[in-house]
Protein chains: 2
Amino acid sequence: MKASIPLTNRKRVVIIGGGFGGIKLAKSLRKSPFQVVLLDKNNFHTFQPLLYQVATGGLEPDSVAFPLRKIFRGQDNFVFRIAEVHHISAEAKEIDTSIGCIDYDYLVLATGSASHFFGMDQVEKHSFGLKDVAEAVDLRSLVLQNFERALLEKDPEVRSRLMQFVVVGGGPTGVEMAGALAELKRHVLPNDYPELDLRQMEVHLIEAGPQVLGAMSEQSQKNGKKALEKMGVHLWMNTFVEDYDGEKVKTKDGPIFETYVVLWAAGIKGSVPSGIEAEHVGPGYRIRVDSFNSVVGLTDVYALGDVAYMETEPYPKGHPQVAPVAIQQAANLAKNLIAAEKSKQTKPFSYFDKGSMATVGRNKAVVDFKGFHLKGIFAWLAWMFVHLLFLIGFRNKLIVLMNWVYSYFTYDKGSRIIIRPFYRTRYKKPKMDLELKK
Amino acid sequence: MKASIPLTNRKRVVIIGGGFGGIKLAKSLRKSPFQVVLLDKNNFHTFQPLLYQVATGGLEPDSVAFPLRKIFRGQDNFVFRIAEVHHISAEAKEIDTSIGCIDYDYLVLATGSASHFFGMDQVEKHSFGLKDVAEAVDLRSLVLQNFERALLEKDPEVRSRLMQFVVVGGGPTGVEMAGALAELKRHVLPNDYPELDLRQMEVHLIEAGPQVLGAMSEQSQKNGKKALEKMGVHLWMNTFVEDYDGEKVKTKDGPIFETYVVLWAAGIKGSVPSGIEAEHVGPGYRIRVDSFNSVVGLTDVYALGDVAYMETEPYPKGHPQVAPVAIQQAANLAKNLIAAEKSKQTKPFSYFDKGSMATVGRNKAVVDFKGFHLKGIFAWLAWMFVHLLFLIGFRNKLIVLMNWVYSYFTYDKGSRIIIRPFYRTRYKKPKMDLELKK
């Protein structure tokens, strides 16, 4: 049956996904002749770049999530629905969803990306990604539960294992997470757990390549590495993770890490909806699009952002999967959709690279910007400024800023409550919980 | 087996419950000769008086929860453990818990209270209380999910039912919740749901007695009633709820209310741990204590706050179940425990009544204080000031204040994300969910 969506005499653009790209597109179509229908499985936008701070107690979950409806207040041609997409029929121009069937004139896939485990099911089952709020809150709870459990543990080997943390992947997410865990060790946990010997806590960062921050400049790689080492993060370069059973991380020709917490930040893949066939999917499970973001081989279907794979110079292997690409593609696509409607000429996408950045800890970050390589406190301030800029909503900006100022002066991270009583639901059988000892 | 808790040559005071009373007691014993062991099933203190604002999107959950360990930083004689209490053996001076057996020299029950449904199992199963963070977040999600669902609903009767909200109980919690829902209707939801006719949304407040705020002065009752009516809350006085099956609220000799959301604020009962026998339990499931908070008939066991029932003049039926009673009893008990240890004289408890207050909406509150009856904006400011004062933690105070200032100027409530995908787990079979229509 048909989903309940107002019928108008406007052509309908359906956007799947309320991330950076989906929002920018829907906003840019504000004055367009289209009806804009945005679908997302949540009623909120998630600011993924700060999820690692939620996972380490620096921010409350609500401050990195923003209600989608609020963004589009007063936009008359806009309709939002919470829905899961089951199947897309490009021939019939229909989407089968959890709220019924939705037809479209133009379809835009802004479905983003998910953690990619390269077929390692055990690793997928036992490790965490950092892709949504629930996962970040679960990870925070798990980290803290390990310390609560360490207090109860009499076996020193198990106790030490409870204080081991492994981050896989040396990109910005992995670096930021490892740095934040190292800060917890230094400033927060010794106060909370005077009974424990926090020297036993170790943070390991494992990277398959020869360097952390492989996509950044050599200088930033070096500075990032130095900052991590100074904070006591153990770096394992050229190390491939092969397996993780919930207790032991096995690496190829490398050491075994005994830990209950693995954060997986070693790869992402495009979230391709059902109905988009293999012929349309390129490297990294991304949907092949031409330089107008039109899905190659389909009519009136577009893809943008993380899920889109566009082979253009100077990005023959697709654009980096970062917010600015999604936002710029969305802006360009909006113009093109409107132009096409008026039979005007459309423009191919060209990416304006605004540089890249990663933060390691207080006063420690690296920024590449047009040949400049910043580090230290200025890079750190730039990092915060840019993240506040992209964060949606005045109230969220204010709360995040306040948390940062608070943390800066107190060396504390305020949001340390354990909300989930036990481990996340993805686990079929929790390996251990606080009642195990009874 | 024994729980892992450091052994010292100090006498051990075990406190069960990290509410207002438990925290005050543990803090007051900072310089005492005791080892203080605090047990709670969460690692955080919950500021219950503001849970209704979490449930209506005004505050994020983290700002009304505070990590317990942080409160006791640097208190050397203090130990905290996350634990559920299974059984108390007062004879053996032992507590059986989820983390093992804990023995004590003195035991203090600060277990607080839970929603009381007077044996109406169906009502208990289908309605919400406002006793913990998870429940408040679930209620928030449910309220918003009803509106999302109303958008999909073609049957006007069902659609209207999705916009009915029933609050049972006209005490401060019920009044505050009803007022907050009325504010959502007025200022927030019309912007979020332009497709819906929000005039259909109704908030009903049902009270068994003849007046709202029955425990307050007549003047405040009248002012509270007037404020609620002005905000469009439907008041049903002298109305007894008899049953609620998840769709229909049945009342004795009164109307039937069709609604999917019932907040139950019509009664609480003491949370009496297993092992405290019926002979020690008085009216309202509260534990009978003498004027020194010592449980009548047991040795070295104390109870305070909501769970304690002390018959003294001028409170022959026990003290009101509010934070100031718990805090004052805790302070007195701490002094008495220390005094007894030094063979000094102990003092009976006497309650210093600081008055009572309830807020209805912006600029609308009522305050009774020593014969004075405030209403309007001054009462509202006083209410906010007192709540900020009692809220634990500088960061939480700041964030809550910021949210209030933000809401005041924007008429908005910022925290409207639906975190739980479907209804709370207490439901065995969700009656309806967003996928039902498929």
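Note on numbering: residues in each chain are counted from 1, in written sequence order. Chain letters start at A and ligand numbers start at 1, both assigned in the order the entries are written. At least 70 in pLDDT is required for a residue's local features to be given in this predicted model, at least 80 for side-chain atom pairs to be given and counted, and no such filter applies to totals for whole chains, interfaces and linings, which use all residues. The basis for every side-chain value is the complete set of non-hydrogen atoms in the structure, without hydrogens or water.

(A) Here's a closer look at the pattern of salt bridges. Think of a salt bridge as a Lys or Arg side-chain nitrogen and an Asp or Glu carboxyl oxygen that are within 4 Å of each other. Using the criterion set out here, one finds 34 salt bridges over all chains in the structure. Between A:Glu311 and A:Arg288 there is a salt bridge, with the nearest N and O atoms lying 3.9 Å from each other. Linking A:Glu311 in the loop between β22 (308-310) and α9 (323-341) with A:Arg288 in strand β20 (residues 286-289), this pair joins segments that are 23 residues apart in sequence. Note on classification: 1.4 Å probe, protein chains only; a residue is buried when its accessible area is under 20% of the maximum for its type, exposed when over 50%, partly exposed between these limits. In this structure A:Arg288 comes out as partly exposed when scored by relative accessible area, which is 30%. B:Asp412 is paired through a salt bridge with B:Arg416; the nearest N and O atoms lie 2.9 Å apart. No difference in accessibility class separates B:Asp412 from B:Arg416, as the two residues are buried. Several salt bridges converge on common partners, so that one network encompasses A:Lys70, A:Arg73, B:Asp192, B:Asp412 and B:Arg416. Helix and strand labels come from DSSP, where a helix needs a run of H or I of at least four residues and a strand needs a run of E of at least two; each type is numbered from the N terminus.

(B) Unusual backbone geometry, seen in detail. A cis geometry characterises the amide bond from A:Glu313 onward to A:Pro314, with omega recorded as -5 degrees. Here B:Asn293, not a glycine, exhibits a phi torsion of approximately 65 degrees, which is positive. Overall, the relative accessible area of 0% leaves B:Asn293 in the buried class.

(C) Summary view of the relation of the copies chain A and chain B. The transformation that overlays chain A on chain B combines an axial shift of 0.0 Å with a rotation of 180 degrees, and the residual RMSD is 0.0 Å. Such a turn and shift between the copies fits a two-fold axis. Of every C-alpha in chain A, the one belonging to A:Ile399 sits nearest the axis of rotation, 3.4 Å from it. Throughout, a residue-residue contact means that at least one pair of heavy atoms, one from each residue, lies within 4.5 Å. Most of the interface of chain A is mirrored in chain B, where 100% of its interface residues again form contacts. The copies were overlaid by least squares, fitting only the C-alpha atoms of residues that reach a pLDDT of 70 or more in each copy.

(D) Representation of the sheet that holds strand β8 (residues 100-103) of chain B. Residues and elements named next belong to chain B. Pairing is antiparallel across the open sheet formed by three strands, whose spatial order is β6-β7-β8. The sheet is open, and its two edges are formed by β6 (85-89) and β8, each paired on a single side. Taking the axes of each pair of neighbouring strands and ignoring which way they run, one obtains an average angle of 20 degrees across the sheet. A pair of strands is labelled paired if DSSP reports no fewer than 2 bridges between them. By the bridge criterion, four bridges tie strand β7 (residues 94-97) to β8 in an arrangement that is antiparallel. The residue bridging Ile 95 from the neighbouring strand is Ile 102, located in β8. Fitted lines through C-alpha atoms serve as axes, helices being fitted only where they are in contact, and the angles separating the N-to-C directions of these axes extend from 0 to 180 degrees.

(E) Layout of the pairing of strand β17 (residues 261-264) of chain B. Residues and elements named next belong to chain B. With burial as the criterion, each face of β17 is covered, one bearing Val 261 and Leu 263 and the other bearing Val 262 and Trp 264. Examined bridge by bridge, strand β11 (residues 164-168) and β17 share four bridges and lie parallel to one another. When the bridges of β17 are listed, Val 167 appears paired with Leu 263.

(F) The interface of chain A and chain B, seen in detail. Tallying the contact residues gives 53 residues for chain A and 53 residues for chain B. At the boundary of chain A and chain B, one finds twelve salt bridges. A salt bridge links A:Glu148 to B:Arg69, with the nearest nitrogen and oxygen atoms 2.8 Å apart. Here a polar contact is recorded for every N or O atom pair within 3.5 Å, except that within protein the pair must consist of a potential hydrogen donor and a potential acceptor, and residues adjacent in sequence are included only if both atoms are side-chain atoms. Seen at the junction of chain A and chain B, the total is 26 residue pairs in polar contact (both at pLDDT 80 or more). Those elements that provide at least two residues to the side of chain A that touches chain B are β4 (65-67), α3 (68-71), β5 (78-82), α5 (133-152), α7 (172-192) and α11 (394-410) of chain A. A total of seven residues in the side of chain A that touches chain B trace back to one element, the largest contributor, which is α11(A).

(G) Highlighting the environment of A:Leu304. Residues and elements named next belong to chain A. Assignment of secondary structure puts Leu 304 in the loop between β21 (301-303) and β22. Of the residues examined, Leu 304 reaches a relative accessible area of 2% and is grouped as buried. Separated by 53 residues in the primary sequence, Leu 304 and Thr 251 have C-alpha atoms spaced 35 Å apart. Aside from chain neighbours lying at most four places away, what touches Leu 304 is Gly 21, Gly 22, Leu 25, Val 108, Leu 109, Ala 110, Asn 293, Ala 326, Gln 329, Ala 330 and Leu 333.

(H) Spatial organisation of the confidence of the model for chain A. All names here are of chain A. Considering every residue of chain A, the mean pLDDT works out to 91; 96% of them sit at 70 or more. The predictor reports its confidence for every residue as pLDDT, a score running from 0 up to 100. Predicted confidence for residues 421-438 stays below pLDDT 50, and this span has 47 contacts to residues more than four positions away or in other chains. Listed scores for the predicted complex are pTM 0.91 and ipTM 0.88.

(I) Here's a closer look at the side chain of B:Asn77. Residue and element names in this part refer to chain B. Among the secondary structure elements, Asn 77 is positioned in the loop between α3 (68-71) and β5 (78-82). On the basis of relative accessibility, which here comes to 7%, the residue Asn 77 falls in the buried class. For Asn 77, the side chain forms a polar contact with the main-chain oxygen of Leu 29, separated by 2.9 Å. A polar atom in the side chain of Asn 77 sits 3.0 Å from the backbone oxygen of Phe 34. For Asn 77, the residues in contact, after removing those within four places along its chain, are Arg 10, Leu 29, Arg 30, Ser 32, Phe 34, Gln 35 and Val 36.

(J) Spotlight on the packing of helix α1 (residues 20-28) of chain B against helix α9 (residues 323-341) of chain B. Residues and elements named next belong to chain B. The interhelical angle for the contact between α1 and α9, taken along N-to-C directions, is 30 degrees, at an axis separation of 8 Å. Taken together, the axes of α1 and α9 are roughly parallel relative to one another. Crossing handedness for the pair α1 and α9: right-handed. Counting all contacts with α1, which are made through Phe 20, Gly 21, Lys 24, Leu 25 and Ser 28, the residues of α9 involved are Ala 323, Ala 326, Ile 327, Ala 330, Ala 331, Leu 333, Ala 334 and Ile 338. Among the residues making up the contact of α1 with α9, the classes are represented as ten nonpolar, two polar and one charged. Oblique is the label for any angle not under 35 degrees, not over 145, and not in the 65 to 115 range, which are roughly parallel, roughly antiparallel and roughly perpendicular in turn. The crossing is said to be left-handed when, going from far helix to near helix, the turn is anticlockwise and less than a right angle, and right-handed when the turn is clockwise. In this classification, the charged set is Asp, Glu, Lys and Arg, the nonpolar set is Ala, Val, Leu, Ile, Met, Phe, Trp, Tyr, Cys and Pro, and all remaining amino acids, among them Gly, are polar.

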